[in-house]
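Letter by letter, the chains look like this.
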Amino acid sequence: MDLITPSIGLIIWQTIIFVILILFLSKYAWKPIIKFIDQREEKIRISIEKANQIQKELDFIENKKNKILKETRIKRDMILKEAIQMKENIKYKAIEEGFLEKKKILTETKKIIQIEKKAAIHDLKNQIGNISIKIAEKILKKELDQNKKMEKQEKFIKEWLNKLN
């Protein structure tokens, strides 16, 4: 039973050794260990604060980026709308100018046709006048010719008209 029940001397000696060990550890080991743990805890706390601050900055930058992207999309949409509107305006203006040019060309063409028509009618009148004068001249020459008969003169006029046509 000696093994199970310790003696009083042993308990005292073990208590003394334990107290000395506690005093020794508290003086030389615990303070540096606690100091190291405190320093480590402070570093972790600072790191967490920095991480939180960086996270806030990232959130701010993310919000700023989203805002800039939103503004950029709005500007892009406005530019696209303006470009489409300009395209439509140019298209309608070109169509309108085309119609105006078409009317102008048609008007000028009609004027030219009328001028050409008048010139052709004038030339035709001159030719008819010249032909009439030549026919009259020939008829008069034939009438003055007394040796020939009236039938020959009519035949001659008809031949002349056929030649002119």
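Above this text is the structure in question.
All residue numbers refer to positions counted from 1 along the written sequence of the respective chain. At least 70 in pLDDT is required for a residue's local features to be given in this predicted model, at least 80 for side-chain atom pairs to be given and counted, and no such filter applies to totals for whole chains, interfaces and linings, which use all residues. Remark: hydrogens and water are excluded; side-chain values derive from all non-hydrogen atoms of the structure.

### Topic: the overall build of the protein
Spelled out, the test is: A helix here means a DSSP run of H or I that spans at least four residues, while a strand means a run of E at least two residues long, and both kinds are numbered starting from the N terminus. Between buried and exposed lies partly exposed: a residue is buried under 20% and exposed over 50% of the maximum accessible area for its type, with that area taken using a 1.4 Å probe on protein chains only. In this description, accessible areas are obtained by the Shrake-Rupley approach with a 1.4 Å probe, and a residue is regarded as covered only by the protein chains that are shown.
Looking only at helices and strands, the protein has two helices and zero strands in total. Burial analysis of the protein (165 residues in total) assigns 2% to the buried set. Counting every atom, the protein has about 16,100 Å² of accessible surface; 64% of that belongs to carbon and sulfur.

### Structural notes on the pattern of salt bridges
The cut-off we apply is this: For this document, the term salt bridge refers to a Lys or Arg side-chain nitrogen within 4 Å of an Asp or Glu carboxyl oxygen.
Taken as a whole, this structure holds five salt bridges when the rule is applied. Linking E49 and R45 is a salt bridge whose minimum nitrogen-to-oxygen distance equals 2.6 Å. One end of the pair is E49 and the other is R45, both in helix α1 (residues 8–144) and four residues apart, which spans about a single turn. With a closest N to O distance of 4.0 Å, K87 and E88 form a salt bridge. Owing to a relative accessible area of 24%, E88 belongs among the partly exposed residues under this scheme. Several salt bridges converge on common partners, so that one network encompasses E42, R45 and E49.

### Points about the packing of aromatic side chains
What counts, and what does not: Stacked, tilted and edge-to-face pairs are distinguished by plane angle, under 30 degrees for stacked and over 60 for edge-to-face with tilted covering the rest, among Phe, Tyr and Trp rings (Trp via its six-membered ring) whose centres lie within 6.5 Å.
The final tally for this structure, using the stated rule, is one aromatic pair. Aromatic side chains F24 and Y28 sit 5.0 Å apart centroid to centroid with 45° between the ring planes, which places their arrangement in the tilted category. Note that F24 and Y28 are positioned in helix α1 at a spacing of four residues, about one turn of the helix.

### Side note on a negative patch on the surface
Put simply, the test is: Patch membership requires over 30% relative accessible area and the absence of a salt bridge. Like charges are linked within 9 Å, and nonpolar side chains (Val, Leu, Ile, Met, Phe, Trp, Tyr) within 5 Å. A positive count includes Lys and Arg, and a negative count includes Asp and Glu. His and the chain ends are not counted in either. Where a charge sits is defined by one atom per residue type, namely NZ (Lys), CZ (Arg), CG (Asp) or CD (Glu).
Together, E96, E97, E101 and E108 make up a region of like negative charge exposed at the surface. Mapped onto the fold, E97 is located in helix α1.

### Thoughts on a nonpolar patch on the surface
Taken together, the side chains of I8, I12, W13, I16 and I20 define a hydrophobic patch exposed on the protein surface, amounting to about 550 Å² of accessible area. On the secondary structure map, W13 appears in helix α1. Residue W13 is classed as exposed on the basis of its relative accessible area, which comes to 58%.

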